[in-house]
Amino acid sequence: YESGSIQFGDEKWGNLEATVAAILLDREGMTALLDADPTYGYVKEPLLKVMSYMRAMEYTSTEQDKNIYPKLVSMNFKIGQMVHECPDQFSFFPPDYSPPGQLAQSNLVAPAAFVLDMFRTVSTIEGFFSFARQGLSDLDGGFGPNIWRYRGGTPGDTT
């Protein structure tokens, strides 16, 4: 990757130095003008955020949880959305929802922002931290089931 007269990496495919430089030095990512543009970017649906995070963390089922169902528990309560738990036939979000502020002033819509509130934002962040530390479980506000119920043990018993 070249930025002006400076070259990053050794011109080989998959070079991490060139990749990081390309991301950090991209013109679109460095301009403050896009931050002021209300049409730039989008709000990702909560369940897609969780699935993307699980994929990025390379989640795979372990032997202990292969027969545990459901894998994700109380997601409608924690993040505001879950597969097959739609409140009505139209969707989780009103298609014309516009959150207050700059989007509403610009006559733009962000349907997925309908379920965003402080509780669900904090629950999502807690779930991400719990997933990184504990795996898919209910420990520390995680997204998973109570693993001790399925393993027949008690919390803290690692035998």
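Here the residue numbering is sequential within each chain, running from 1 through the sequence in written order. Local features are withheld for residues below a pLDDT of 70 in this predicted model, meaning they are given only at 70 or higher, and side-chain atom pairs are given and counted only at 80 or more; totals for whole chains, interfaces and linings count all residues. Side-chain metrics in this entry use all non-hydrogen atoms of the structure; hydrogen atoms and water are not considered.

This next bit is on the overall build of the protein. A run of H or I in DSSP counts as a helix once it spans at least four residues, and a run of E counts as a strand once it spans at least two, with each numbered from the N terminus. Within the protein, the regular secondary structure consists of eight helices and two strands. Listing the helices and strands of the protein from first to last along the sequence gives β-β-α-α-α-α-α-α-α-α. For the protein, the share of sequence-separated contacts (at least 6 apart) that also reach a separation of at least 24 residues comes to 44%. The method behind every accessible area is Shrake-Rupley, applied with a 1.4 Å probe, and residues are considered shielded solely by the protein chains displayed. Per element, the accessible surface of the protein, about 11400 Å² overall, is 57% carbon and sulfur. In this analysis, two residues are considered to be in contact whenever any of their non-hydrogen atoms come within 4.5 Å of each other.

A word on the environment of P94. Relative to the helices and strands, P94 is located in the loop between helix 5 (75-78) and helix 6 (102-105). Since its relative accessible area comes to 28%, P94 is described here as partly exposed. Sequence separation between P94 and V109 is 15 residues, and the spatial gap between their C-alpha atoms is 9.7 Å. Excluding its chain neighbours within four sequence positions, the residues that come into contact with P94 are P111 and F114. Relative accessibility under 20% of the residue-type maximum defines a buried residue, over 50% an exposed one, and the middle range a partly exposed one, all with a 1.4 Å probe and only protein chains included.

Attention shifts here to the packing of helix 4 (residues 46-56) against helix 7 (residues 118-134). Here an axis means a line fitted to C-alpha atoms, over the contact stretch when the element is a helix, while the angle between two N-to-C directions is reported on a 0 to 180 degree scale. Between helix 4 and helix 7, whose axes approach to 11 Å, the crossing angle comes to 20 degrees. By the criterion of interaxial angle, the relationship of helix 4 to helix 7 is roughly parallel. In terms of crossing hand, the pair formed by helix 4 and helix 7 is right-handed. Here helix 4 contributes K49, V50, Y53 and M54 to the contact with helix 7, which in turn contributes F128, F131 and A132. Lys, Arg, Asp and Glu make up the charged group, whereas Ala, Val, Leu, Ile, Met, Phe, Trp, Tyr, Cys and Pro make up the nonpolar group; the residues left over, Gly among them, are polar. Taken together, the residues that form the contact of helix 4 with helix 7 break down as six nonpolar, no polar and one charged. Roughly parallel means an angle under 35 degrees; roughly antiparallel means over 145; roughly perpendicular covers 65 to 115; every other angle is labelled oblique. When the near helix sits turned anticlockwise from the far one by under a right angle, the crossing is termed left-handed; a clockwise turn instead gives a right-handed crossing.

Below, the discussion takes up the environment of S74. By the element assignment, S74 lies in the loop between helix 4 and helix 5. Each C-alpha atom, one on S74 and one on F143, is 7.5 Å from the other, the two residues being 69 residues apart in sequence.

Buried within helix 4 we find P46, L47, V50 and M54. Buried residues in helix 4, looked at end-on, bunch into an arc of 100 degrees, giving them a common side. With respect to the buried face of helix 4, the exposed residues turned more than 90 degrees away are R55 and A56. On its buried face, helix 4 sits against helix 5 and helix 7. Each C-beta atom gives one direction from the helix axis, and the arc is the one those directions make.

This part takes up a negative patch on the surface. Surface patches are defined over residues having more than 30% relative accessible area and no salt bridge, joining like charges when they lie within 9 Å and nonpolar side chains (Val, Leu, Ile, Met, Phe, Trp, Tyr) when within 5 Å. By salt bridge we mean one thing: a side-chain nitrogen of Lys or Arg within 4 Å of a carboxyl oxygen of Asp or Glu. Charged-residue counts in this description rest on Lys and Arg as positive and Asp and Glu as negative, His and the chain ends being excluded. Here the site of a charge means NZ on Lys, CZ on Arg, CG on Asp, or CD on Glu. Taken together, the side chains of E2, D10, E11 and E17 define an acidic patch exposed on the protein surface. Take E11: it is sitting in the loop between strand 2 (6-7) and helix 1 (16-24).

Here the focus is a nonpolar patch on the surface. On the surface, L16, V20, I23 and L24 cluster together into a nonpolar patch covering about 430 Å² of accessible area. Within the fold, L24 resides in helix 1. Assessed through its relative accessible area of 57%, L24 is described here as exposed.

This part takes up unusual backbone geometry. With phi around 55 degrees, E58 is a residue other than glycine that occupies positive phi space. On the secondary structure map, E58 appears in the loop between helix 4 and helix 5. A positive phi angle, near 55 degrees, is found at D140, a position not held by glycine.

Let us look at the side chain of K78. Relative to the helices and strands, K78 is located in helix 5. Residues contacting K78, with those up to four places away along its chain left out, are V73, R120, S123, T124, G142, F143 and G144.

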